[in-house]
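For reference, the chains in residue letters:
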Amino acid sequence: MSMFMSTQSIQAETAYRQERIKREYGRANGRRLRAKRAEKPEPLHARHALRPTTAA
C-alpha cells in the first residue's frame, strides 16, 4: 500500500477487491455447474432437436 491514502484510492481499492472476489466466485461456481451437467447425459429428445431438418 502507498503512503498517501485518499478516500478515492481507498474506494477504488475496495471496488477492485470486490470485483476480483465476484469474478473468482463466478469462476468456481461455473466449474461446479459444468461438472454437475457433465455427470448426467443429455436426453435423447434434446439431441434430436439439434439435427438439421430436411426443409433447410
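The present account deals with the structure reproduced in this document. (Residues numbered from 1 in each chain as written. Predicted model: local features only at pLDDT ≥ 70, side-chain atom pairs only at ≥ 80, totals over all residues. Heavy atoms only, no water.)

1. Notes on a positive patch on the surface
Stage number 1. On the surface, a cluster of positive charge is contributed by Arg23, Arg27, Arg31 and Arg34.
Stage number 2. Here Arg31 is to be found in helix α1 (residues 7-39).
Stage number 3. Residue classification places Arg31 among the exposed residues on the basis of a relative accessible area of 51%. (Patch = residues over 30% accessible without salt bridge, like charges linked within 9 Å, V, L, I, M, F, W, Y side chains within 5 Å. Areas by Shrake-Rupley, 256 points an atom, 1.4 Å probe, with all protein chains shown as cover. Salt bridge = Lys/Arg side-chain N within 4 Å of Asp/Glu carboxyl O. Lys, Arg positive; Asp, Glu negative; His and termini not counted. Charge placed at Lys NZ, Arg CZ, Asp CG, Glu CD. Helix = DSSP H or I, 4+ residues; strand = E, 2+ residues; numbered from the N terminus. Buried < 20%, exposed > 50% of the residue type's maximum accessible area, 1.4 Å probe, protein only.)

2. Structural notes on the pattern of salt bridges
Stage number 1. On inspection of all chains with the given rule, the structure shows three salt bridges.
Stage number 2. Two residues, Lys22 and Glu19, come together in a salt bridge whose shortest N-O distance is 3.1 Å. Here Lys22 and its partner Glu19 are both found in helix α1, three residues apart, which amounts to about one turn of the helix.
Stage number 3. By relative accessible area, which is 40% here, Glu19 ends up partly exposed.
Stage number 4. In this structure, the salt-bridge partner of Glu24 is Arg20, at a minimum N-O distance of 3.9 Å. Here Arg20 and Glu24 lie together in helix α1, a separation of four residues that amounts to about one turn.
Stage number 5. Taking the relative accessible area as the measure of exposure, Arg20 reaches 39% and is therefore partly exposed.

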